[in-house]
Amino acid sequence: MVFKEGQEHMTSPRAQEDGKAVVGSRKDIRVVTCEDQAVMRAYLVNGLARLEIKAFGVCDGIELDAFLAANQVDIVILDIGLPGEDGYSIATRLRQERPYLGIIMLTARDQTDDRVLGLDCGADLYFAKPVDIRELASALGSLHRRLRLNRPAAAPACWRLD
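This structure is a prediction, so every number in the text was calculated from the model and none was measured.

Q: Break down the nonpolar core for me, with residues and values.
A: Core analysis: the biggest nonpolar cluster contains 22 residues, and L48, I75, I77, I104, L106, L136 and L140 have the highest contact counts within it. Going through the elements one at a time, helix 1 (38–50), strand 3 (75–78), strand 4 (102–107) and helix 5 (133–150) are the ones with two or more residues in this core. Counting residues per element, this core draws most heavily on helix 5, which supplies seven residues. Not counting the four nearest positions on each side in its chain, I104 is found in contact with I75, V76, I77, L78, L125, F127, L136, L140 and L143.

Put into structure tokens, the structure is as follows:
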């Protein structure tokens, strides 16, 4: 347990290096970020990895589709202004194809109409750039907890004896 001097209450036994309590584990969250700007993509992937979130990066909808076909992912972080298929279209398609996938829009478009459209297209959350990586990580954790509660249990393996 972690006790602060002069305080009698306890905080979580799992704490970050800076002494701030962390609730729950982020180690089982798998995220792919679809961002065409390499610097921003690296910031997200590396920043989330430092916060114990398994993060991967792709640069467009084609790479995202290939990644999702080959990997299990809990949440997708989408930019809107992508080459080829835009983030709104990808969110709409993913929501139809994968109803239990978390979708977060992260974009420079910060007008109310953009936010409403993103949410209406299927995003669970919408953030405008720049975003603090700690706030994004907390939102990922919150969304992941909610998704776990609502995701149907996997069907039991079927055995067949010949």
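Q: Residues and numbers for the side chain of D114, please.
A: Take D114: it is sitting in helix 4 (residues 112–120). Buried and unpaired, D114 has no salt bridge, with R109 as the nearest side chain of opposite charge at 4.9 Å. Contact partners of D114, with chain neighbours within four places excluded, come to Y88, R109 and Y126.

Q: Break down the pairing of strand 1 (residues 30–34) for me, citing the residues and quoting the values.
A: When you tally the buried positions in strand 1, you get four out of five residues, the bulk of the element. The pairing of strand 1 with strand 2 (residues 54–58) spans five bridges and is parallel. From the neighbouring strand, V32 faces strand 2, where its bridge partner is F56. Handedness of the crossover is the feature at issue here: the chain leaves strand 1, passes through helix 1, returns alongside strand 2, and the resulting connection is right-handed. In terms of strand pairing, strand 1 meets strand 3 through four bridges, oriented parallel. Within strand 3, the residue paired with V31 across the bridge is I75.

Q: So, the packing of aromatic side chains: which residues are in play, and what are the values?
A: Under the definition given, this model contains one aromatic pair. Ring centres 5.3 Å apart and planes at 40 degrees place the aromatic pair F56 and F67 in the tilted group. Placement of the pair is F56 in strand 2 and F67 in helix 2 (residues 61–70), with a sequence separation of eleven residues.

Q: Describe the packing of helix 2 against helix 3 (residues 87–97), listing the residues and the values that go with them.
A: Running from N to C, helix 2 and helix 3 point in directions that differ by 25 degrees, and their axes come no closer than 11 Å. By the angle between their directions, the pair helix 2 and helix 3 is classed as roughly parallel. The interaxial crossing formed by helix 2 with helix 3 has right-handed handedness. Between helix 2 and helix 3, the contacting residues are G61, L64, D65 and L68 on the first element and I90, R93 and L94 on the second. A breakdown of the residues in the contact of helix 2 with helix 3 according to their chemical character gives four nonpolar, one polar and two charged.

Q: Can you tell me about the sheet that holds strand 3, naming the residues and giving the values?
A: The strand order across the open sheet formed by five strands is 2-1-3-4-5, and the pairing between neighbours is parallel. For this open sheet the edge positions go to strand 2 and strand 5 (125–128), each flanked by a neighbour on one side alone. Between one strand axis and the next, the sheet turns through 20 degrees on average, direction left out of account. Packed onto the sheet, helix 2 meets strand 1, strand 2 and strand 3 and runs at close to 160 degrees relative to strand 1. On the sheet, helix 4 packs against strand 4 and strand 5 and is oriented at approximately 150 degrees with respect to strand 5.

What counts and how
- Residues numbered from 1 in each chain as written.
- Predicted model: local features only at pLDDT ≥ 70, side-chain atom pairs only at ≥ 80, totals over all residues.
- Heavy atoms only, no water.
- Core = buried A, V, L, I, M, F, W, Y, C linked by side-chain atoms within 4.5 Å.
- Buried < 20%, exposed > 50% of the residue type's maximum accessible area, 1.4 Å probe, protein only.
- Helix = DSSP H or I, 4+ residues; strand = E, 2+ residues; numbered from the N terminus.
- Contact = heavy atoms within 4.5 Å.
- Lys, Arg positive; Asp, Glu negative; His and termini not counted.
- Salt bridge = Lys/Arg side-chain N within 4 Å of Asp/Glu carboxyl O.
- Pairing = 2+ DSSP bridges.
- Right-handed = clockwise from strand over helix to strand, strands pointing away.
- Phe/Tyr/Trp six-rings, centres within 6.5 Å; stacked < 30°, edge-to-face > 60°.
- Axes fitted to C-alpha atoms, helices over the stretch in contact; angles between N-to-C directions.
- Parallel < 35°, antiparallel > 145°, perpendicular 65-115°, else oblique.
- Left-handed = near helix turned anticlockwise from the far one by under 90°.
- Nonpolar A, V, L, I, M, F, W, Y, C, P; charged D, E, K, R; others polar.

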